Amino acid sequence: MTHLPPKLVIGTRDSDLAMAQATHVASLIEDAFPQVAVRLAPMKAAGDLHQGPLSQIGGKAAWVRELDRSLATARVDVTVSCAKDLPGPHERGTDTTIGAVLPREDARDALVLPAGQSDATLDDLPPGSILGTSAPRRIAQLRAPYPHLVIQPVRGNLIPRLARLDAGEGDKPLDALVVSYAGLCRVSQADRATQLIPASVLAPATGAGTLVVEQRSGDTIAAYLLGAINDPATARLLAVERGVLAQLKGNCKTACSVHAHYTDEPHRIRVDAAVFHPSGGDAIHVAAIGPADDLGGLVENITQLLHGEGVARLLPR
């Protein structure tokens, strides 16, 4: 029998959303192992402090650099992150590994208006409306169908972004935001969504709606604890999505979506992948279905389909 540690320390960013996510993971571990005391170790991430493009500070690694260092030095035992914020597998080292993937929540994006305004959809926004989002994936998909909207790069933690929207701050106050619906739900702000944007309009982020818990590679005790809260079905979906991302060598500048889900037929997975030109003027969409026990085959199939459509022309150099 695996020897259980008296305590487990979870590293997390210190934003409201990140703390809510880590608290949820802590409760799952405590429920599974009541004899283990779980505590949180919040820390600042470079991605939270920097207001410019992520590419200026090392891409998506800015979200996890401090967490990874804390893992490597054993200041924490595990870390919690949104899967969509993790650098691709090709950008990570081998010191950390995903020990648990939680069941996927709603992967869609949501439209949010200033507090007190009547509900509206993207189609209802008048010309010249300033729409806040910094994600290349969202910007590329919104430009073509909504050329009359002004897309304003907006970064920062979710709660401060909502506060900025409500306060109407800045030289060009925002008229709306596009954010992760799962994120809104985790901070008890789901009612702020005036539209759950269909995937046909905004293809979801790779890993959208999914929380992951990472550990030091080779840490058998952490692996045992995290195995109790891991959802193998979601883990398979995430492995496919991140596998395709790795094959494309996607980074923080890549406007792409890889979304996997189970079909009505048992043990079959459908993968929808799309890569967009940043201007929104060109895009590639492919899809494939394969057995859930051949994830590598699915990744290879999707990758070949994308390259067959000339995906290289859409990837940042």
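The following refers to the structure shown. Given the structure is predicted, the values throughout are model-derived calculations rather than measurements.

**Description of the sheet that holds strand S5 (residues 109–112)**
- Strand order in the open sheet formed by 5 strands is S7-S6-S8-S5-S9, and the pairing between neighbours is mixed. Looking at the sheet topology across the chains shown, the edges are occupied by strand S7 (150–152) and strand S9 (193–197). Adjacent strand axes in the sheet meet at a mean angle of 30°, parallel and antiparallel pairs treated alike.
- Judged from the 4 bridges that link them, S5 and strand S8 (residues 176–180) form a sheet pairing that is antiparallel. Note that in S8 the partner of Val-112 across the bridge is Leu-177.

**Quick notes on the pattern of salt bridges**
- Tallying each qualifying case throughout the model produces 13 salt bridges.
- Where Asp-272 meets Arg-270, a salt bridge forms, and the shortest distance between an N and an O atom there is 2.8 Å.
- Residue class for Asp-272 comes out partly exposed when judged on its relative accessible area of 26%.
- Assessed through its relative accessible area of 31%, Arg-270 is described here as partly exposed.
- Among the charged side chains, a network of salt bridges with common partners joins Arg-13, Lys-84 and Asp-85.

**Looking at the packing of aromatic side chains**
- Applying the stated criterion across every chain, the model contains 1 aromatic pair.
- With centroids separated by 5.7 Å and ring planes inclined at 50°, the aromatic side chains of Phe-33 and Tyr-224 adopt a geometry described as tilted. Here the residue Phe-33 occupies a position in the loop between helix H1 (16–32) and strand S2 (37–43), and Tyr-224 occupies one in helix H7 (residues 220–227), the gap between them amounting to 191 residues.

**Overview of the nonpolar core**
- Membership of the largest hydrophobic core comes to 23 residues, with the highest contact counts inside it found for Val-271, Val-275, Ile-302 and Leu-306.
- At the level of elements, helix H8 (232–248), strand S11 (256–262), strand S12 (268–276), strand S13 (283–291) and helix H9 (295–308) are the ones that each hand at least two residues to this core.
- In terms of residue count, the dominant contributor to this core is H8 (5 residues).
- Excluding residues within four positions of it along the chain, Ile-302 makes contact with Val-244, Val-271, Ala-273, Val-286, Ala-287 and Ala-288.

**Details of the side chain of Thr-12**
- Mapped onto the fold, Thr-12 is located in strand S1 (residues 7–13).
- A distance of 3.2 Å separates a polar side-chain atom of Thr-12 from the backbone oxygen of Ala-18.
- The contact partners of Thr-12, leaving out residues within four places of it in the chain, are Ala-18, Met-19, Ala-22, Ala-41, Pro-42, Met-43 and Leu-67.

Calculation rules
- Along each chain, residues carry numbers from 1 onward, in the same order as the chain's sequence is written.
- In view of the model being predicted, local features appear only for residues whose pLDDT reaches at least 70, and side-chain atom pairs are presented and counted only at 80 or more, with totals across whole chains, interfaces and linings using the full set of residues.
- Only hydrogens and water are set aside when side-chain values are computed; all heavy atoms of the structure are taken into account.
- For two strands to be treated as a pair, DSSP must find at least two bridges joining them.
- The way it works is that DSSP assigns letters per residue, a run of H or I at least four long becomes a helix, a run of E at least two long becomes a strand, and they are numbered from the N terminus.
- Only the stretch in contact is used when fitting a helix axis, every axis being a line fitted to C-alpha atoms; angles between N-to-C directions are given from 0 to 180 degrees.
- Throughout this description, the term salt bridge denotes a Lys or Arg side-chain nitrogen within 4 Å of a carboxyl oxygen of Asp or Glu.
- Three exposure classes are used, based on accessible area relative to the maximum for each residue type with a 1.4 Å probe and protein chains only: buried under 20%, partly exposed in between, and exposed over 50%.
- For this analysis, a ring pair means two rings from Phe, Tyr or Trp (six-membered ring only for Trp) whose centres lie within 6.5 Å, classed as stacked if their planes differ by under 30 degrees, edge-to-face if by over 60, and tilted for the remaining angles.
- The definition of a nonpolar core used throughout is a set of buried Ala, Val, Leu, Ile, Met, Phe, Trp, Tyr and Cys residues joined through side-chain atoms within 4.5 Å.
- The contact definition used throughout considers only heavy atoms, calling two residues in contact when any of these lie within 4.5 Å.
- Polar contact is the term for a pair of N or O atoms within 3.5 Å; when the atoms are in protein, one must be able to donate a hydrogen and the other to accept it, and sequence-neighboring residues count only if both atoms are side-chain atoms.

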